[in-house]
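# Per-entry structural report
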Amino acid sequence: MTGEPRTTRFRLFGLALLVLGALVLAACGDDDDDTAASDGGADSEAGDDSGAAEGGGDFDVFALLPQGNDQPYGTTYLPPMEAMADELGINLTITNSQYDADKQASECETAVAAEPDLIILWPAVGDTVRPCLEAAKDAGIPVTVTNSDVNPEDQDLTEAYSGPDTYGQGVASGELMCELAGGDEIGIIMINGLTGNSTAIDREAGFEDTINEQCPNVTILARQPGNWNKDESQIAASEMITAVGAENIQGVYAADDTMVAGAIDALKARDIDPSELIITSIGNTFLGNPLVVSGELDGTVFQSSSWDGEHAVTVAYEVLTNDPDERLVEFMPSVKVTADNADDPSVAPEW
Amino acid sequence: MSDDQGLVLTSQRTDLIGRLRTTLARRTEGRALALLVVVAIGAWITEPVVFTSYDVTLGRIALIGLVALGLTAVILMGELDLSVASTLAVAGVVMASIDNLAIGILAALVVGLVIGAANAFFVVVVGINSFIATLGMLFFLRGLGFVLSDEQPVRLSNIEAGISFGKPLIGDFTPRMLIFIATFIAMQIFMTRVRVGREFYAVGGNRQAAYDAGIPVRRRIFTGFMISGIVAAGAGAINTLERTAADPTAGSTVLLSSFAAAIIGGILLTGGRGSVFGTLLGATSLGILQVALTLSAVQVDVQNIIIGFVLFVAVITDPNSLRAVVGSARSYLRARTAPQPQS
């Protein structure tokens, strides 16, 4: 009658071995990165696999990001960031909260407990980061912000911001729309980013403020979130075309190139020639740039992921080494890309 | 010592060990405990900060575990509640939309109760499968959260109160941790000492037998869903206070984490087996693992692979699963080795 307990013991032992194996594998993966880093950090592939880059330098920095290799932008943002960190001797520990504010808050607590020299923060949701900033301040850890700035009332808790002027990008896309519309009365549909996301909110506000001020002849007939996703944007555009009627739509604004590609597919599915509409976007990505060249997308605004990733580190380094008196702000230039300059190497797409 | 006394002592010791073995074999938490020990040792070796900064780890455990505790009541009855994450988001938005903090918290909890009751209504009265009913509720609430919040995060009117709420109250324990511990104790007592709670097991184990035994099954299912709803809403209120704003997209990772905690804790998804203590163990393992992996800079994709692996191990080491696998393997081998009829 000892068979059952013995089997139970065997199962528990097996379970323990399996989990220990998993932990060892995880630890080995981490060791690989350390090895790569100690070899001079030249082996960027190992670093990419773990999401950590270690240059064996003097500074330990946590980068709390809401995306990583799970998003096209993050995929091309991380390698320049890690390369620059290696160059400047910064040991980076990178997290990815997948745009979950609660998860990022928990990662922030973990980062503060690890007592790094600095925290680089890309807010998942701008309105929710104040407690994280307060905790870092209490622990004496400086915080710099990348990609999406924190709210104005929270900026005094941070040392620097580098990244796109997200409101300015919306403004640039709105200016393109106004220029192309001339004085004609036109109706457009609007596809925004993930609801609640600060970049989505800023771009929408920048675009809307601009057309209200500069071209009130442009009317927003309908708006829906496309959640930064091509398929969801295609569905949203298709629904809006049905709702307002294809004959009433003379233009489309999408908050990024991925979503504008979805909107263009939705127009084509209704036998509407996108080149006959005024379509503007933001990004100038691998998806958007060819659409500009082909004439389906009239204009977009260049956002360089490599600039963003690199400057996140250089600005952090500036804070660590020079301790500036005032908050540093480095905006990415919002270059408008149309058919006239889409082939220019200076605006070659990166993501 | 005489031979007789020696024999009696040996016999008593054997009885004790036998009873302990039987208890261990019956309890579902054994695997979760073994897993926790291994995870804790691994974390201690690779990232001791997990334990030296135990308040951070406890915070993560409370974040994962609170919703999982409420969910346990539903799963034990053989039902599912996929709407917990959306309940968390909507409750947070409702709370932040009300200027008076106390009324806001109360309103959030009432919202949770109503959502739980609505879920139970669809399952019990309308007769919809709980997976489908709560999936529908998930989408409904997700949309409702966006509508109520005007598609933007809603900041608390009293931000300073929120920041204070996130700070330690007793020792290193923040209100979130204390509420989590209090919820665990309350749920543990309810499920083990209160008749209504114990009847959840009967409902999940054999529903027809529960009906035949005179247990008010429908009422129990209502109670279970309402517990799940109010606990999820409470978690939403806590998150909103700690972050000083309600995010309509909140809880995107909560649903899977809380189910994972319950499954790792040894709770059978078909109901009738498991415990609140098991869920606590599952949440603790998951929390320690997540903090250790974050500190080790393991990328989120790899973290998911490891957590998925742990989940897989937790499921396949279930005695029933193992028995099924071994039975299938034996049948396969027997079929392969059996002499083939000669033509």
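Per chain, the residues get numbers from 1 upward, laid out in the order the sequence is written. To read the labels, note that chains go from A and ligands from 1, taken in the order they are written. Restriction of local features to residues with pLDDT of at least 70 applies here, the model being predicted, together with a cutoff of 80 or more for giving and counting side-chain atom pairs; totals for whole chains, interfaces and linings are based on all residues. Hydrogen atoms and water are omitted, and side-chain values are computed over all heavy atoms in the structure.

### Quick notes on the overall build of chain A
Secondary structure summary: chain A contains 11 helices and 13 strands in total. Buried residues are those whose accessible area, probed at 1.4 Å on protein chains only, stays under 20% of the maximum for their type, while exposed residues exceed 50% and partly exposed ones sit between those limits. Burial analysis of chain A (351 residues in total) assigns 56% to the buried set. In what follows, a contact means two residues having at least one pair of non-hydrogen atoms within 4.5 Å. Counting contacts in chain A only where the partners sit at least 6 residues apart, residues at least 24 apart contribute 75% of the total. With the model as given, the accessible surface of chain A reaches about 13,700 Å², and the carbon-plus-sulfur share is 50%. Secondary structure elements follow DSSP: runs of H or I no shorter than four residues count as helices, runs of E no shorter than two count as strands, and numbering proceeds from the N terminus. Surface accessibility follows the Shrake-Rupley procedure with a 1.4 Å probe radius. Residue values consider only the protein chains on display as shielding.

### A look at the nonpolar core
All names here are of chain A. The term nonpolar core refers to a set of buried residues drawn from Ala, Val, Leu, Ile, Met, Phe, Trp, Tyr and Cys, joined through side-chain atoms within 4.5 Å. Residues Leu-64 and Ile-119 are the most contacted members of the largest nonpolar core, which totals 101 residues. Those residues within four positions of Ile-119 in sequence are excluded, and the remaining contacts are Phe-62, Leu-64, Ala-111, Val-112, Ala-136, Ile-141, Pro-142, Val-143 and Thr-144. The next biggest cluster of nonpolar side chains, apart from the first, holds 43 residues, and it includes Leu-176, Ala-237, Val-252 and Leu-277.

### Details of the packing of helix H13 (residues 254-264) of chain B against helix H14 (residues 276-295) of chain B
All names here are of chain B. Here, axes are lines fitted to C-alpha atoms. For helices the fit covers the stretch in contact, and angles between N-to-C directions go from 0 to 180 degrees. Between H13 and H14, whose axes approach to 7 Å, the crossing angle comes to 120°. Our classification of the angle between H13 and H14 gives oblique. The chirality of how H13 crosses H14 is right-handed. When H13 is examined against H14, the residues Ser-257, Ala-260, Ala-261, Ala-262 and Ile-264 are found in contact with a partner set consisting of Gly-278, Thr-279, Gly-282, Ala-283, Leu-286 and Gln-290. Under the convention adopted here, Pro, Cys and the residues Ala, Val, Leu, Ile, Met, Phe, Trp and Tyr are nonpolar, Asp, Glu, Lys and Arg are charged, and Gly plus all remaining residues are polar. Residue composition of the contact of H13 with H14, grouped by class: six nonpolar, five polar and no charged. Angles are sorted into four bins: roughly parallel if under 35 degrees, roughly antiparallel if over 145, roughly perpendicular if 65 to 115, and oblique for all others. In this scheme, a crossing is called left-handed if the near helix is turned counterclockwise away from the far one by less than a right angle; it is called right-handed if the turn is clockwise.

### A closer look at empty space enclosed by the protein
A probe matching the size of a water molecule, rolled over the atoms, marks out where space remains unfilled. All names here are of chain B. Points on a 1 Å grid, built from protein atoms alone, make a cavity when a 1.4 Å probe fits but cannot get out and make a pocket when they are open with protein on both sides within 12 Å along at least 5 of 7 lines; residues with an atom within 4 Å of a point are the lining residues. Grid points are joined across faces, edges and corners, and a volume is the space filled by probe spheres set on the points. On inspection of all chains with the given rule, the structure shows five cavities of 30 Å³ or more. If you add up the space inside the second largest cavity, you get close to 70 Å³. What lines the second largest cavity is a set of 14 residues, and nearest its centre among them are Asn-239, Ala-245, Ala-246, Asp-247 and Ala-250. Classifying every residue of the lining of the second largest cavity gives six nonpolar, five polar and three charged.

### Quick notes on the state of the cysteines
All names here are of chain A. The criterion for a disulfide is a pair of cysteine sulfur atoms lying within 2.5 Å. Tallying each qualifying case throughout the model produces two disulfides over all chains. The disulfide partner of Cys-178 is Cys-215, and the S-S distance across this bridge is 2.0 Å. Of note, the bridge from Cys-178 to Cys-215 carries an S-S torsion of about -55° and is left-handed in sense. Placement of Cys-178 in helix H6 (residues 166-181) and of Cys-215 in the loop between helix H7 (198-214) and strand E8 (218-225) is noted, with a sequence separation of 37 residues between them. Disulfides within chain A link the bonded cysteines, taken in sequence order, as 1-2, 3-4.

### Concerning the pattern of salt bridges
Salt bridge, as used here, is a side-chain nitrogen of Lys or Arg placed within 4 Å of a carboxyl oxygen of Asp or Glu. In this structure the tally under the stated criterion is 19 salt bridges over all chains. Of the charged contacts in the structure, one is a salt bridge between Glu-79 of chain B and Arg-207 of chain B, with a shortest N-O distance of 2.9 Å. Placement of the pair is Glu-79 of chain B in the loop between helix H4 (54-75) and helix H5 (84-97) and Arg-207 of chain B in helix H11 (residues 207-212), with a sequence separation of 128 residues. What makes Glu-79 of chain B buried here is its relative accessible area of 8%. For Arg-207 of chain B, a relative accessible area of 28% gives the class partly exposed. One salt bridge in this structure joins Arg-195 of chain B and Glu-199 of chain B, with 2.8 Å as the shortest N-O distance. With Arg-195 of chain B and Glu-199 of chain B both in helix H10 (residues 195-205), this residue pair falls four residues apart, about one helical turn. Exposure remark for Arg-195 of chain B: the relative accessible area of 52% places this residue in the exposed category. What you see here is one network of salt bridges that share partners, running through Asp-127, Arg-130, Glu-134, Glu-153 and Asp-154 of chain A together with Arg-155 of chain B.

### Digging into a nonpolar patch on the surface
Residue and element names in this part refer to chain B. There is a patch of nonpolar side chains on the surface, built from Phe-121, Phe-122, Val-125, Val-126, Ile-128, Phe-131, Ile-132, Leu-135 and Phe-139 and spanning about 790 Å² of accessible area. If you list the elements that add at least two residues to the nonpolar patch, you get helix H6 (101-126) and helix H7 (130-148). Turning to its location among the elements, Phe-121 is positioned in helix H6. Given the relative accessible area of 38%, Phe-121 is considered partly exposed. Residues with no salt bridge and a relative accessible area higher than 30% make up the patches, which join like charges within 9 Å and nonpolar side chains (Val, Leu, Ile, Met, Phe, Trp, Tyr) within 5 Å.

### Some thoughts on the packing of aromatic side chains
All names here are of chain A. Only Phe, Tyr and Trp rings are paired, with Trp represented by its six-membered ring, and only when their centres lie within 6.5 Å; those with planes under 30 degrees apart are stacked, over 60 edge-to-face, the remainder tilted. Scanning the model with the defined rule gives 11 aromatic pairs over all chains in all. Seen in terms of ring centroids, Phe-59 and Tyr-317 are 6.2 Å apart; in terms of plane orientation they differ by 80°. Their pairing is edge-to-face. With Phe-59 in strand E2 (residues 59-65) and Tyr-317 in helix H11 (residues 305-322), this residue pair connects regions lying 258 residues apart in the sequence. Since its relative accessible area comes to 28%, Tyr-317 is described here as partly exposed. Where Tyr-77 meets Trp-122, the ring centres are 5.1 Å apart and the plane angle is 50°; that geometry is what we call tilted. Of this pair, Tyr-77 sits in helix H3 (residues 72-88) while Trp-122 sits in the loop between strand E4 (118-121) and helix H5 (130-138), placing them 45 residues apart in sequence. Residue classification places Tyr-77 among the buried residues on the basis of a relative accessible area of 1%. Among the aromatic residues, ring-to-ring pairing joins Tyr-73, Tyr-77, Trp-122 and Trp-351 into one connected group.

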